[in-house]
Amino acid sequence: MQYLVGVDIGGTHVRTCIAPLENLTKNIIIKKKEPTSKTDEMSLGKQIVRMISSLLTQNHLKKTEIVSINIATAGPLDAKKGIIFNNANLGFKTIPVKDQINQEFPEIPCNMINDANGAVLGVHYFEALENEKDNLVYITMSTGIGGGVIANGHLVLGKDGNAAEVGHGTISDSETPCSCGTTGCWEAYSAGSGLSKQIQASGQKWSNKELYEKAKEGDPIAQKIVDQATHYSTIGIGLINNFYDPEAIYIGGAITNNSDLFLPVIKENFEKHPIKFTINRVPTIKLTQLGDEIGLLGALALGKYILNKNKILL
Ligand SMILES: [Zn+2]
């Protein structure tokens, strides 16, 4: 049989999986998850090689049965060189990944994609409705905020593969610092890292989880932070709609575990005052059902689309 390998590199965890090339479904059976290795620049590549090798051994699979290794990673990355660079969470200026995988698996093509760009492929393959597929956006709201865009039936990648870094769009002229080094980014208000900073600035010592609990209880400070995050998310989503004119925007990531506190408000903002936030027709906004395996599913979809020369990647 023929199989695809999927890899998802995040700031906290690395996930690997093996899935059949035909009958690819969103239920991944062979998989492995470990904390991301950050010992030195080379340790992440070594870890991925080890994880793939052990999945092959445990499941009695041969290297010759693997048609490609597909990596979705936190960025920025240089997809052609196969390196990750300037990633604050991974800890090193440059992390070479592809070279080490090519050394261990020289016969197997290795593909790399920015995780949010991969995720939109996952939504496209496993989840989106037929009428949504050609103009589709995925937004991840987790520690940071990232985006993936399909416009006119094509994935938007950019020169190095880092297009749609929507979380670092400047949406406020305040001095609120962002993890990227500048100020006023959407991420600095509405992502997990941004919420933590806002909690700190308010003089509280809550975790993000406690923030949401306090907001649900009606604590005014917590509500103000959540309301501010929601306000800036409405602006961010409105800008994405202005730039790409998508039919549907899917949202995922850890922050959406508490989406009942903000998603209805965002939808209401667009219903009641659309022109305040976007000049274009309002898209469908919904939560992805692909959960925390969306990175792996995106990597698998990338592998599938490369093999069948899907026009989405042209
Ligand atoms: Zn930023």
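Residues numbered from 1 in each chain as written. Predicted model: local features only at pLDDT ≥ 70, side-chain atom pairs only at ≥ 80, totals over all residues. Heavy atoms only, no water.

A.B. asks: Mind laying out unusual backbone geometry, listing which residues take part and the relevant values?
C.D. replies: Looking along the chain, the bond that leaves Gly75 and enters Pro76 is cis, with omega of -5 degrees. In this model, Lys309 sits at a positive phi of 50 degrees, which is unusual for a non-glycine residue. With respect to the helices and strands, Lys309 occurs in the segment after helix 10 (294-307). Taking relative accessible area as the criterion, Lys309 reaches 70% and is therefore assigned exposed. (Helix = DSSP H or I, 4+ residues; strand = E, 2+ residues; numbered from the N terminus. Buried < 20%, exposed > 50% of the residue type's maximum accessible area, 1.4 Å probe, protein only.)

A.B. asks: Which residues make up the coordination of the zinc ion, and what are the values?
C.D. replies: Within the protein, the zinc ion binds to His168 (ND1), Cys178 (SG), Cys180 (SG) and Cys185 (SG); these donor distances fall in the range 2.0 to 2.4 Å. Coordination at the zinc ion is tetrahedral: its four donor atoms span angles of 104 to 124 degrees at the metal. Between consecutive donor residues of the zinc ion, the sequence gaps follow H-x9-C-x1-C-x4-C. On the accessibility criterion, Cys178 (7% relative accessible area) is buried. You can call Cys180 partly exposed: its relative accessible area is 42%. (Donors = N, O, S within 2.8 Å, 3.2 Å for Na, K, Ca; no water. Tetrahedral: all angles 85-135°; square planar, octahedral: opposite > 155°, others 65-115°.)

A.B. asks: Can you tell me about the sheet that holds strand 2 (residues 13-20), naming the residues and giving the values?
C.D. replies: Taken together, five strands build an open sheet; the order of strands is 3-2-1-4-8 and the sheet is mixed. Each edge of the open sheet carries a strand with a single partner, namely strand 3 (30-35) and strand 8 (110-114). On average, each strand axis in the sheet is inclined to that of its neighbour by 15 degrees, with strand direction left out of account. With six bridges connecting them, strand 2 and strand 3 associate as antiparallel partners. Looking across to strand 3, one finds that Ile18 is bridged to Ile30. On top of the sheet, helix 10 reaches strand 1 (3-9), strand 2, strand 4 (66-73) and strand 8; it is set at about 135 degrees to strand 1, its chief contact. (Pairing = 2+ DSSP bridges. Axes fitted to C-alpha atoms, helices over the stretch in contact; angles between N-to-C directions. Contact = heavy atoms within 4.5 Å.)

A.B. asks: Break down the sheet that holds strand 11 (residues 154-155) for me, with residues and values.
C.D. replies: Adjacent strands of a sheet form backbone hydrogen bonds with each other and so pair up, either parallel or antiparallel. Spatially, the five strands line up as an open sheet ordered 11-10-9-12-13, and their pairing is mixed. At either margin of the open sheet sits one strand with a lone partner, and together these are strand 11 and strand 13 (284-287). In the sheet, strand 10 (residues 145-151) pairs with strand 11 via two bridges, with the strands oriented antiparallel. Bridged to Ile150 within strand 11 is Leu155. Together, strand 9 (136-141), strand 10, strand 11 and strand 12 (248-252) form the strand contacts of helix 3 (residues 115-126), whose direction differs from that of strand 10 by roughly 50 degrees.

A.B. asks: An account of the pattern of salt bridges is requested, with residue identities and associated values reported.
C.D. replies: Summed over all chains, the structure comprises 11 salt bridges. Arg50 serves as the salt-bridge partner of Glu34, at 3.0 Å between the closest nitrogen and oxygen. Note that Glu34 is positioned in strand 3 and Arg50 in helix 1 (residues 43-58), a separation of 16 residues in sequence. Its relative accessible area of 16% is what places Glu34 among the buried residues. Residues Lys63 and Glu104 are paired through a salt bridge, measuring 3.8 Å at the closest nitrogen-oxygen approach. Taken as a pair, Lys63 in the loop between helix 1 and strand 4 and Glu104 in helix 2 (residues 98-104) lie far apart in primary sequence, 41 residues in all. (Salt bridge = Lys/Arg side-chain N within 4 Å of Asp/Glu carboxyl O.)

A.B. asks: Any details on the nonpolar core? Residues and values, ideally.
C.D. replies: Counting residues in each nonpolar core, the largest one holds 37 residues, and the members touching the most others are Ile139, Trp186, Leu211, Ile237 and Ile251. Secondary structure elements with two or more residues in this core: strand 9, strand 10, helix 4 (187-190), helix 5 (192-201), helix 6 (208-217), helix 7 (220-244), strand 12 and helix 8 (263-272). Considering each element in turn, this core owes the most residues, seven residues, to helix 7. Not counting the four nearest positions on each side in its chain, Trp186 is found in contact with Ile139, Ile145, Val166, Gly167, Gly169, Ile171, Ala191, Tyr232, Ser233, Gly236, Ile237 and Ile240. (Core = buried A, V, L, I, M, F, W, Y, C linked by side-chain atoms within 4.5 Å.)

A.B. asks: Lay out the domain arrangement of the chain with the relevant residues and their values.
C.D. replies: Looking at the assigned domains, one finds that the chain contains domain 1 (3-118 + 293-313) and domain 2 (132-288). One C-alpha centre belongs to domain 1, the other to domain 2; they are set 27 Å apart. At the junction of the two partners, domain 1 supplies 14 residues and domain 2 supplies 20 residues. Between domain 1 and domain 2, roughly 1,300 Å² of surface is buried when both sides are summed, and carbon and sulfur atoms account for 48% of that area. Sorting the residues of domain 1 by area buried against domain 2 places Ala116, Asn117 and Ile312 first, and these three jointly supply 40% of that buried surface. Summed over the shared surface of domain 1 and domain 2, the number is six residue pairs in polar contact (both at pLDDT 80 or more). Put simply, the parts of the chain that give the side of domain 1 that touches domain 2 at least two residues each are strand 5 (77-78), strand 8 and helix 3. Here the side of domain 1 that touches domain 2 is built from residues that sort into nine nonpolar, two polar and three charged. (Domains from an automatic or database assignment. Buried area = accessible area lost by both parts, 1.4 Å probe. Polar contact = N/O pair within 3.5 Å; in protein donor to acceptor, adjacent residues only side chain to side chain. Nonpolar A, V, L, I, M, F, W, Y, C, P; charged D, E, K, R; others polar.)

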